[in-house]
Amino acid sequence: MRRALWLLILCALAVGLAWGLMRLGGAVEVRVADMEIVLSLPVLLILLVTLFLVLHLLIVGFRSLVNWPARLRARRAARRRNHGEMMLTRALVSLAAGSADAARSEVKRARQLLGDTPQLLLLTAEAERMAGREEAAAEAFQALAKREDARFIGLRGLLRQAMQRQDWPAAQALAKEAEAAHPGATWLREERALLAQRTQDWREALALASPATPRAPLALAAAGKEADAARAAELEKQAFQADPAFAPAALAHAARLAAAGNARRAKGVLEQGWAAAPHPQLAAAYLEGEAEPLARVKAAEALVHRNRTHAESRLLLARAALGAGLTGRARTELDALVASGEADARAYLLLVELEQAEQGDTTLARAAEARWLRAATTAKPEPRWRCGQCGKVHAAWAPVCDGCGTAGRVAWG
Ligand SMILES: [Zn+2]
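Below is a short write-up of the structure. Treat the numbers as computed from the prediction; the structure is a model and nothing was measured.

1. Thoughts on the coordination of the zinc ion
Argument step 1. Protein coordination at the zinc ion: the donors are Cys387 (SG), Cys390 (SG), Cys401 (SG) and Cys404 (SG), at 2.2 to 2.3 Å from the metal.
Argument step 2. Of note is the zinc ion, whose four donor atoms meet at the metal with angles of 106 to 113 degrees in an arrangement that counts as tetrahedral.
Argument step 3. Considered as a linear motif, the donors of the zinc ion on their single chain read C-x2-C-x10-C-x2-C.

2. Considerations on the sheet that holds strand 5 (residues 410–412)
Argument step 1. With antiparallel pairing, three strands are arranged side by side in an open sheet as 4-3-5. Here the strands that pair on one side only, and so sit at the sheet edges, are strand 4 (393–394) and strand 5.
Argument step 2. Sheet analysis places strand 3 (residues 385–387) next to strand 5, joined by three bridges and oriented antiparallel. Pairing of Cys387 across the sheet is with Val410, part of strand 5.

3. So, the environment of Thr50
Argument step 1. Along the chain, Thr50 turns up in helix 2 (residues 41–97).
Argument step 2. Its relative accessible area of 40% is what places Thr50 among the partly exposed residues.
Argument step 3. With 81 residues separating them along the chain, Thr50 and Ala131 place their C-alpha atoms 70 Å apart.
Argument step 4. Polar side-chain contacts of Thr50 include one of 2.7 Å to the backbone oxygen of Ile46.

4. Structural notes on the layout of surface pockets
Argument step 1. Roughly 270 Å³ of internal volume is contained in the largest pocket.
Argument step 2. As for the largest pocket, its lining consists of 16 residues, of which Pro214, Pro217, Trp397, Gly408 and Arg409 are closest to the centre.
Argument step 3. Examining the composition of the lining of the largest pocket, we find that three residues originate from one element, strand 5, more than from any other.
Argument step 4. Along the lines of polarity and charge, the residues of the lining of the largest pocket split into 12 nonpolar, three polar and one charged.
Argument step 5. The volume enclosed by the second largest pocket comes to roughly 230 Å³.
Argument step 6. Lining the second largest pocket are 15 residues, with Ala283, Leu287, Arg296, Leu316 and Arg319 sitting closest to its centre.

5. Considering the packing of aromatic side chains
Argument step 1. Tallying each qualifying case throughout the model produces four aromatic pairs.
Argument step 2. Summarising the aromatic geometry, the rings of Phe152 and Trp187 are spaced 6.3 Å apart at their centres and angled 90 degrees between planes, so their arrangement reads as edge-to-face. On the criterion of sequence distance, the pair formed by Phe152 in helix 6 (residues 151–164) and Trp187 in helix 8 (residues 186–198) is long-range, its members being 35 residues apart.
Argument step 3. Over the face of the ring belonging to Tyr286 we find Lys267, whose NZ or CZ atom lies 4.8 Å from the ring centre.
Argument step 4. In this structure, Arg371 packs its charged tip against the face of Trp372, placed 4.8 Å from the ring centre.

6. Re the pairing of strand 2 (residues 35–40)
Argument step 1. The sheet contact formed by strand 1 (residues 27–32) and strand 2 spans six bridges and is antiparallel. Pairing of Glu29 across the sheet is with Val38, part of strand 2.

7. Details of the packing of helix 12 (residues 247–259) against helix 13 (residues 263–276)
Argument step 1. Interaxial distance between helix 12 and helix 13 falls to 8 Å at its minimum, and their mutual angle equals 170 degrees. By the angle class used here, helix 12 and helix 13 are roughly antiparallel. Along its contact with helix 12, which presents Ala250, Leu251, His253, Ala254, Leu257 and Ala258, the element helix 13 presents Arg265, Ala266, Val269, Leu270 and Gly273.
Argument step 2. Counted by class, the contact of helix 12 with helix 13 contains eight nonpolar, two polar and one charged residues.

8. With respect to helix 16 (residues 311–323)
Argument step 1. Relative to the 18 Å expected for 13 residues at 1.5 Å per residue, helix 16 spans 18 Å between its end C-alpha atoms, a close match to the ideal helical length.
Argument step 2. Where burial is concerned, most of helix 16 is hidden: 11 out of the 13 residues are buried.
Argument step 3. Restricting attention to buried positions, one finds in helix 16 the residues Ala311, Glu312, Ser313, Arg314, Leu315, Leu316, Leu317, Ala318, Ala320, Ala321 and Leu322.
Argument step 4. Each element contacted by the buried residues of helix 16 is listed here: helix 13, helix 14 (280–286), helix 15 (293–304), helix 17 (327–340) and helix 18 (345–359).
Argument step 5. Looking at the residues trailing helix 16, positive phi occurs at Gly325, about 80 degrees.

9. Examining the side chain of Gln161
Argument step 1. Tracing the backbone through its elements, the reader meets Gln161 in helix 6.
Argument step 2. When near neighbours in sequence (up to four residues on either side) are disregarded, Gln161 contacts Arg129, Glu134, Ala137, Ala138 and Phe141.

10. Focus on the pairing of strand 1
Argument step 1. Of all six residues in strand 1, zero are buried; the element is thus mostly exposed.
Argument step 2. With antiparallel pairing between neighbouring strands as the criterion, strand 1 and strand 2 make up a hairpin whose turn holds two residues, including Ala33 at a positive phi of roughly 55 degrees.

11. Considerations on the pattern of salt bridges
Argument step 1. If you walk through the whole model with that rule in mind, you get 25 salt bridges.
Argument step 2. One salt bridge connects Arg329 with Glu301, and the closest N-O pair in it is separated by 2.7 Å. Remark: Glu301 occurs in helix 15 and Arg329 occurs in helix 17; sequence separation between them is 28 residues.
Argument step 3. The exposure class assigned to Glu301 is partly exposed, which follows from its relative accessible area of 33%.
Argument step 4. Salt bridges linked by common partners bring Glu301, Arg308, Arg314, Arg329 and Glu333 together as one network.

The rules behind each value
Residues numbered from 1 in each chain as written. Predicted model: local features only at pLDDT ≥ 70, side-chain atom pairs only at ≥ 80, totals over all residues. Heavy atoms only, no water. Donors = N, O, S within 2.8 Å, 3.2 Å for Na, K, Ca; no water. Tetrahedral: all angles 85-135°; square planar, octahedral: opposite > 155°, others 65-115°. Pairing = 2+ DSSP bridges. Helix = DSSP H or I, 4+ residues; strand = E, 2+ residues; numbered from the N terminus. Buried < 20%, exposed > 50% of the residue type's maximum accessible area, 1.4 Å probe, protein only. Polar contact = N/O pair within 3.5 Å; in protein donor to acceptor, adjacent residues only side chain to side chain. 1 Å grid on protein atoms, 1.4 Å probe; cavity = no way out; pocket = protein on both sides within 12 Å on 5 of 7 lines; lining within 4 Å. Points joined across faces, edges and corners; volume = space filled by probe spheres on them. Nonpolar A, V, L, I, M, F, W, Y, C, P; charged D, E, K, R; others polar. Phe/Tyr/Trp six-rings, centres within 6.5 Å; stacked < 30°, edge-to-face > 60°. Lys NZ or Arg CZ within 6 Å of the ring centre and 35° of its normal. Axes fitted to C-alpha atoms, helices over the stretch in contact; angles between N-to-C directions. Parallel < 35°, antiparallel > 145°, perpendicular 65-115°, else oblique. Contact = heavy atoms within 4.5 Å. Expected span 1.5 Å × (residues − 1). Salt bridge = Lys/Arg side-chain N within 4 Å of Asp/Glu carboxyl O.

And the structure:
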């Protein structure tokens, strides 16, 4: 609207100017040799304007002719780009649908049209992996890793492949390169932690552990691999402080203290461990030096006093009491344990022993024993250190299962 107004004003001005000049009249004389041309002013103006227009059109036409090949090329490139992007979208759809072969041919076509862009190289790698062609995928990842702008993506893919084929030295080298390419990436930190676990580099695993990862097993595993006794002791202490309920850490820390002559502090550690999570191995370590049966009962009482009604506490007290001939005391504990519903096979087997100790070889005792043995077979079994992966039972906790080689799966239960 504003433009139309301006045009109108411009036209009015031009008409006004032409009318003014007409009224003024006047002529221009052009003399060349003997020839003389006289032009009136309006005619001259019209001629000049016409000349200007013709020149302008000539220049525009010439420029358009010169630019024509470039325009043609640009149009063709745009067509290729559109086609390429269409292929890329189709490849994405095929990948999402799990059609590996279709995705491969579409990505290939898109690469022909668009060139080796980082996105297309990544898609190529994904399509090749989906088709099970790991080597072709590795080539695409390597091409990515060579580019400055997509180095991390390439290394990430190569690292994933190395981890998958369990080539730990290659994976470690790639992780180092990836860390240099993109320091502090969360994903990489997790992968490096996993890698450290796989290669049993526990110190590294501990250093890279996320806040959600239990630190005590890692610190204890690191202590187990540490050649220097002082550093191993420090790691064991760290493991115990990280989780006093993790019995192997309490055991190791207490053993280290006892070996250094700090028997009282060692017992304190075991008591603290028992208070956090009672475990039969803590009791075994605590009562190790006590040979005299009544002294064992007293020691057992000292150990469990902060966690008196726990099933393991009752079981320990019952066993110590039975050992010292305190059958009444043992029965009180075992009855309470059975009544709590937490009794496992050990409690019932102890009751069998108790019947024998109390009544000897009588008909009544044999009937009671048979009853407890039946209960023992249906009760939950004794807890053990067991691999969560393959189910192998271990005598003590181990950072890696020696049955299946899985790290971090041996647990109490
Ligand atoms: Zn296993």
